[in-house]
Each structure stands twice: as structure tokens, then as C-alpha cells.
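Observations on the three-dimensional arrangement
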Amino acid sequence: MRGKTVIVSGGGSNIGYGISLAFAEEAVNLVIGDIDEAQARKVARKAQALGAQALAVKCDARENDQVSAMVKKALDEFKEVDVLVNVVGGASDYGLPFTEKPRESWRSDLDLNIISFLNCTRAVLDHMIERKRGSVVSIASEAQKHGEPGLSIYNGAKAAIIAMTRTLAREYGEHGIRFNVIAPGIILPTSDEEMGELNGWRSGLGLSLRGSDFEATMVARCAIKRLGRPGDIGKAAVFLASECAGYITGQTLSVTGGMIG
Ligand SMILES: NC(=O)c1ccc[n+]([C@@H]2O[C@H](COP(=O)([O-])OP(=O)(O)OC[C@H]3O[C@@H](n4cnc5c(N)ncnc54)[C@H](O)[C@@H]3O)[C@@H](O)[C@H]2O)c1
């Protein structure tokens, strides 16, 4: 993938961190868009040390103006965009059953997961259609497949990303553009390095989950007896974005260590 231009939206922490650095190892031109500018800059420096050209851009993916500005910066700097990776997403009321979720969180979770995906995908498509090539990889979640309790809105949003990806793959396949999804299982950061100061994993769960009962329960559900690491998703994203996956589109790849419901 040397010399290709890759935008990772939400490329600063945890899964985004793993994806950014996996592409950096391929010596790409990397644009790390993230609401946490300090962390995006930190990852850009690491990416440069690995041989990539890297640009950090402060961008709230829910805001279309900011997304357009990020894509413009990518084009100004690197002239083209070959790959978009949509990482931004999350659940605000993890664990609460539907009737206990505050109504405000319905819209905020849909915005974070779906509107971010739509803004970023729409922002690169005209350019990709014009060039007749491109690849979009989006991060959903294995939780939607099992109907994981406590994640009703989030699971619906991730299922929507999978459904839209299938349709986009059929609409734009003739333009040389592929769309795929990765459905991660449980992916925990392994060090503070992989999280920005503001990141939810740092303040709430994150490293404290390592060695906990939660980890043991989750590992028991996996065929490969460990939880996922950010780099596991990074490698899968590079594969789906690359020509190695040139005949794969509209698909969802589970990267879960063989997790079952
Ligand atoms: N971690 C897991 O176990 C897991 C499992 C399945 C799916 N996922 C999905 O993978 C993706 C990444 O998860 P994570 O745990 O690494 O998340 P995370 O909370 O670490 O956030 C990822 C990055 O997105 C950035 N970000 C947050 N809001 C943003 C916004 N509005 N605009 C731009 N950037 C923003 C954060 O600063 C961070 O760098 C999400 O879509 C999540 O739903 C995660």
C-alpha cells in the first residue's frame, strides 16, 4: 500500500490507534482525523517514525463541515484519497436496558455511529468515483450479531452501517469502489500510549479491565484465549483496504478471536 493515501476517522485511540499504525507500517500517506487533536498528533509522530507521511487533523466526524475540511486537507496535502477507514463510534449507556436509556442518548448514539459514517463516506465518494477507485472500511461490532443486551441503540446503529455498506457496495462497485465492514469482538487497549487523555477507556474501563472478571468471562467466549488488541483490527483493516481483498466487497469480517454469543 506504499504511497496510497489513507484517512482514518477516529484514528487516535485504541482501535483507531491500531489501524493508524498498521497503515503506517505500509508506508502510506496517513491522515488521522480525530476529535482529540493532541492524541492524533501523537499518533502522527509515531506513524512518521514508522515510515509514513502523516497528518493529524482535528475533526468531529458528526459535523459535516469539519469532515469536508479534513478531506480537503488530505487532498491538498496528498492529491488523492485511496482509502477511508470509519472508526468513530461507541455506546453512551453501556449495559442499560432500553427502557432505562435516556432519550437524549438515542440521538447522540445514532449521530456518533451513523452520521459520522455517512459524513465521512459521502465526503470521499465524489473523488473516488472520479478516479474510479477507492476502498472504504468501516468498524461495526460483533455485538449487533448476538443482540448483546444493554446495547440496543448501538447495535441498531452498527447493523445500519452493515446494511448501508452492502447497498453502497452494489451502487458503486461499477465505479471501482469497494465497501467492507469489520465487526470486532472485545478490543482493549494494552497501554496508556494507545489512549488519549480524554478517551473513555482511560477514564472508565480500559486497562482496569485487564485481569478482571469481565476479561475472564469474555475470554471464555473466545476460541483464541485472549481479548483482542488494537493491532488485530489494524491488520484486518489493511487487508480489506488493500488489493489482496480486491474481489471482496459488501462483506462483514468478524475479528473476534472466534467469539460466540
Ligand atoms: N473496543 C471494542 O471492544 C469495540 C468492539 C466492537 C466495536 N467497536 C467499535 O470500534 C470503534 C472504535 O472503538 P474504540 O473502543 O477504539 O473507541 P474509542 O472510544 O477509543 O474511540 C475511538 C477514537 O474516536 C475518537 N472520537 C470519538 N468521538 C469522535 C468524533 N465525534 N469525531 C472524531 N473522532 C472521535 C476518539 O477520540 C478515539 O480516538 C467504534 O466504532 C466502536 O463502536 C469497539
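That block above? That's the structure.
Worth saying up front: this structure is predicted, and the values here are computed from it rather than measured.

Brief notes about the side chain of glutamate 194
Looking at the secondary structure, you find glutamate 194 in the loop between β6 (177-184) and α7 (200-203). Of the residues examined, glutamate 194 reaches a relative accessible area of 10% and is grouped as buried. A distance of 2.4 Å separates a polar side-chain atom of glutamate 194 from the backbone nitrogen of threonine 190. Sequence-distant contacts of glutamate 194, defined by excluding residues within four places in its chain, comprise Gly12, Ser13, Asn14, Tyr17, Gln39, Pro189 and Pro230.

Structural notes on the site of the ligand
Around the ligand lies a shell of 28 residues, among which Asp34, Val87, Tyr154, Ile187 and Trp201 are the nearest. Measuring from an oxygen atom of the ligand, one finds a backbone N or O atom of isoleucine 15 at 2.9 Å. Backbone polar atom of glycine 89 to an oxygen atom of the ligand: 3.4 Å apart, as the coordinates give it. Considered on its own, the ligand offers 820 Å² of accessible surface; in the complex 89% of this is hidden by protein. For the shell around the ligand, the per-class residue count stands at 14 nonpolar, 9 polar and 5 charged.

A few points about the layout of surface pockets
Estimates place the volume of the largest pocket at around 1400 Å³. Together, 47 residues line the largest pocket, and Asn14, Gly89, Gly90, Ala91 and Trp201 are the ones closest to its centre. Mapped by element, the contributors of at least two residues to the lining of the largest pocket are α1 (14-24), α4 (103-131), α5 (143-146), α6 (152-172), α7 and α8 (213-220). Per element, the largest residue contribution to the lining of the largest pocket is 3 residues, and it comes from α1. Its residues assigned to classes, the lining of the largest pocket comprises 25 nonpolar, 14 polar and 8 charged. Taken together, 13 residues line the second largest pocket, and the ones lying closest to its centre are Lys4, Ser135, Arg178, Ala241 and Glu243. Partitioned by chemical class, the residues of the lining of the second largest pocket number 3 nonpolar, 5 polar and 5 charged.

Each value, and the rule that gives it
Residues numbered from 1 in each chain as written. Predicted model: local features only at pLDDT ≥ 70, side-chain atom pairs only at ≥ 80, totals over all residues. Heavy atoms only, no water. Helix = DSSP H or I, 4+ residues; strand = E, 2+ residues; numbered from the N terminus. Buried < 20%, exposed > 50% of the residue type's maximum accessible area, 1.4 Å probe, protein only. Polar contact = N/O pair within 3.5 Å; in protein donor to acceptor, adjacent residues only side chain to side chain. Contact = heavy atoms within 4.5 Å. Near = heavy atom within 4 Å. Areas by Shrake-Rupley, 256 points an atom, 1.4 Å probe, with all protein chains shown as cover. Nonpolar A, V, L, I, M, F, W, Y, C, P; charged D, E, K, R; others polar. 1 Å grid on protein atoms, 1.4 Å probe; cavity = no way out; pocket = protein on both sides within 12 Å on 5 of 7 lines; lining within 4 Å. Points joined across faces, edges and corners; volume = space filled by probe spheres on them.

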